[in-house]
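Examining the three-dimensional arrangement
Read off the chains here:
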Amino acid sequence: MRCSQKSGFYVQKFGQDNPGFQIENGENGRATKDSETKIKVDGIETERAQWGNGLEFLMSCIAMSVGLGNIWRFPFTAYENGGGAFLIPYIVVLIVIGRPLYYLEMALGQFTSRGNVQSFSSLSPAIKGIGYGQLLGSTCIATYYCSLMALTLFYLVSSFTSDLPWSHCKVEWETENSQRNVTCVSSKDTESVTGRNKISSSELWFTKEVLKEKEQINDGVGPPEWRLTLCLLVAWFLTFAVSVKGVKSSGKVSYFLALFPYVVMGALLIRAVTLEGSTEGMLYFVTPQWSKLARAEVWYAAVTQCFFSLNVGLGSIIMYSSYNSFDHNINRDALVVTTLDTFTSLLAGTTIFGILGNLAHELNVPVEDVVKSGGTGLAFISYPDAIAKFQSVPWLFAILFFIMLFVLGIGSLVALHGCANTMIMDNFPTIKPWKVSAATALFGFLVGLVYITPGGQFILTVVDFFGGNMVIFVFAIIEIVTLMWCYGSENFCNDLEFMTKQKVGIYWRITWTIITPLFLIIVFIYSLATLTRLDYGSYEISDLALGLGWAIVCVSVMIFASFFGVSFYKNRKFGFPAMIWETFNTTNWGPENHSVRLAWKEEKLRKSAEVASSGKIWITRKLNFLIGR
């Protein structure tokens, strides 16, 4: 896009809008080619990276959004909340919350060409805390997410044997089992392991051999398990290797991260539908339990699943889209990613319940008795237990399953890792990307050590609930309320129209302005009103651990409030109410590219003139009517 001949006038008029930015002019005052890609931040010239092509961006978004939440979280969430009936609230939530927020964040990142922290800061320094709140939430998720990758890697390495280690009971468990009055049942045996005094070897192997789990953490979480520490180090090193050069390296790997899991899921689906009894499991997954549809907690589960699955509210979507070209067709990409994400969840649910249906047939028990645990337990107890009962080459299916989990996890983790990297590089553009990536990966590794301790699953439960759910929920509400009710939906839609050269549809306007924010607020208030004490399995979370969780929420809110307070204090000289308008001054808002920014300002002035002119014409006609002319 080329500046108009009035560029000199607008540089002179609006040059003070953002003193950190300067435009390089060529001959005759026109912008040079370099001004399309190069910017100056605080007097330092730098060039912001971009995706190699639009397909890299799309594949990266698919790899980010299609992750562990689709494979082990969605099937169990659907099972707990009405089976096939859960699909109704989930699809409704996708339409009125998931897709609008996904497109909103894509538009925000692409329009500003900044990460989430700098995007909100450019709109107003007072709301800069939104970006930092989202960053805190995404950091919480990234640190425990990589610990799940460490567990996956440990299971993957352990699968390279014809006799899967979790498929049989160990002698050393017998003493403790007798004290607890429980009986270990081998996972490869074709008998039911349900019952008060029975426990599968898969569960004992996970808790006793992998985690070395404690029953309570009143005396501390214990030291990290050394084998899991090595796996955690490998997981973070691979994440660093993928994101070492920012989008220039992660974009190239995105094709594999996005497409390979579908190859494995396809193979597992083919195997699942050929198993005896799989039809009963698949029918159980899609058969609706209509009585649960009227329960509010089902809708809350649909919202949290949508957040977790699509990665909305974490800042990663804003970060990825900030590396797009200014005119990229994000409307299409948002539609593709959100639709594919839902399809993947349904595909994974069908595959998993097909396998569980086969187990139910072999054990001669109902399908609901085969599914015994959700969350981490579903991925590392129920699934391995199911694979161990395969009559032929169970080790091969174990290898394929855990490779798929690991690849899915890396795709999402790279996006979360990139949020922190982009925030740092936006503020310190002279630092080499590999140094930033290495520093943040090292930080994530050190924090992640707490999750691979004997008491780590207690901490993971707390951090996930407060940092991964509540913090993200709070700042998703603040994000859309600020953009739509403070900056203004009409202003945002005008900016989007300038960028995409397309009229914003009524669906986006209604959901952004009314339905999505109100829906989020109502669900959040309900969740607080019905909040119960957090637990991990049959154990209650200690007061100290709960205090840590509430501290995470309080810190995020205090960060947001502190930016508000500082902005009001700086503008106190204007007096009330002028200080409010100065606090929410949007002077620095706009595209980061200089020539595009000037064209955008021209367009805003033109539209303002049209509105003023139409207003004057209306007033003139009204006066003429009143005086009888």
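Preceding this section is the structure that the text describes.
Some points on the overall build of the chain
Assigned secondary structure in the chain consists of 22 helices and 6 strands. With 629 residues in all, the chain has 57% of them scored as buried. A total of about 27,000 Å² of accessible surface is found on the chain, and carbon and sulfur atoms cover 63% of it.

Let's talk about a nonpolar patch on the surface
Taken together, Trp 485, Ile 506, Ile 510, Ile 514, Ile 515, Leu 518 and Ile 522 make up a surface patch of nonpolar side chains, about 660 Å² in accessible area. With respect to the helices and strands, the residue Ile 510 is situated in helix 19 (residues 506-529).

Some thoughts on the pattern of salt bridges
What the rule picks out here adds up to 10 salt bridges. Between Glu 592 and Arg 114 there is a salt bridge, and its shortest N-O distance comes to 3.7 Å. Here Glu 592 is found in the loop between helix 21 (578-583) and helix 22 (594-626), whereas its partner Arg 114 is found in the loop between helix 4 (87-112) and helix 5 (116-123), with 478 residues between them in sequence. Residues participating in the shared-partner salt-bridge network are Glu 490, Glu 497, Lys 503 and Arg 509.

Things to note about helix 4
In this model, helix 4 (26 residues) spans 35 Å end to end at C-alpha, consistent with the 38 Å of a helix rising 1.5 Å per residue. Of all 26 residues that make up helix 4, 21 are buried, and the element is covered over most of its length. Count one or two residues on from helix 4 and you reach Ser 113, which has phi positive near 55 degrees.

Side note on the nonpolar core
One finds Tyr 102, Phe 401 and Trp 512 to be the most contacted residues of the largest nonpolar core, which totals 184 residues. Tallying contributions element by element places helix 18 (residues 456-500) first for this core, with 25 residues. Setting aside residues up to four positions removed in sequence, Tyr 102 forms contacts with Cys 61, Met 64, Ser 65, Leu 310, Val 312, Ile 317, Ala 334, Val 337 and Thr 338.

Notes on the packing of helix 6 (residues 128-158) against helix 18
Where helix 6 meets helix 18, the axes come as close as 9 Å, and the angle between the chain directions of the two elements is 150 degrees. If you check the angle between helix 6 and helix 18, you find them roughly antiparallel. Crossing hand, helix 6 versus helix 18: left-handed. Between helix 6 and helix 18, the residues in contact are Gly 129, Ile 130, Gly 133, Gln 134, Gly 137, Ser 138, Cys 140, Ile 141, Tyr 144, Ser 147, Leu 148 and Leu 151 and Gln 457, Leu 460, Val 463, Asp 464, Gly 467, Gly 468, Val 471, Ile 472, Phe 475, Ile 478, Glu 479 and Thr 482, respectively. Tallied by class, the residues present in the contact of helix 6 with helix 18 amount to 12 nonpolar, 10 polar and 2 charged.

Comments concerning the packing of aromatic side chains
Applying the stated criterion across every chain, the model contains 41 aromatic pairs. Both rings, one in Tyr 144 and one in Tyr 451, keep their centres 6.3 Å apart while their planes meet at 75 degrees; by these two values the pair is edge-to-face. Residue Tyr 144 is located in helix 6, and its partner Tyr 451 is located in the loop between helix 17 (433-448) and helix 18; the two are separated by 307 residues in the primary sequence. Tyr 144 gets classed as buried once you look at its relative accessible area, which sits at 2%.

So, unusual backbone geometry
Here the phi dihedral of Lys 212 falls at roughly 50 degrees; this positive angle occurs in a residue that is not glycine. The topology assignment puts Lys 212 in the loop between helix 8 (201-210) and helix 9 (226-242). Its identity is not glycine, yet Asn 311 carries a phi of approximately 70 degrees, on the positive side. Of note, Asn 311 is situated in the loop between helix 12 (296-310) and helix 13 (316-321). On the accessibility criterion, Asn 311 (5% relative accessible area) is buried.

Cut-off values and rules
- Residues numbered from 1 in each chain as written.
- Predicted model: local features only at pLDDT ≥ 70, side-chain atom pairs only at ≥ 80, totals over all residues.
- Heavy atoms only, no water.
- Helix = DSSP H or I, 4+ residues; strand = E, 2+ residues; numbered from the N terminus.
- Buried < 20%, exposed > 50% of the residue type's maximum accessible area, 1.4 Å probe, protein only.
- Areas by Shrake-Rupley, 256 points an atom, 1.4 Å probe, with all protein chains shown as cover.
- Patch = residues over 30% accessible without salt bridge, like charges linked within 9 Å, V, L, I, M, F, W, Y side chains within 5 Å.
- Salt bridge = Lys/Arg side-chain N within 4 Å of Asp/Glu carboxyl O.
- Expected span 1.5 Å × (residues − 1).
- Core = buried A, V, L, I, M, F, W, Y, C linked by side-chain atoms within 4.5 Å.
- Contact = heavy atoms within 4.5 Å.
- Axes fitted to C-alpha atoms, helices over the stretch in contact; angles between N-to-C directions.
- Parallel < 35°, antiparallel > 145°, perpendicular 65-115°, else oblique.
- Left-handed = near helix turned anticlockwise from the far one by under 90°.
- Nonpolar A, V, L, I, M, F, W, Y, C, P; charged D, E, K, R; others polar.
- Phe/Tyr/Trp six-rings, centres within 6.5 Å; stacked < 30°, edge-to-face > 60°.

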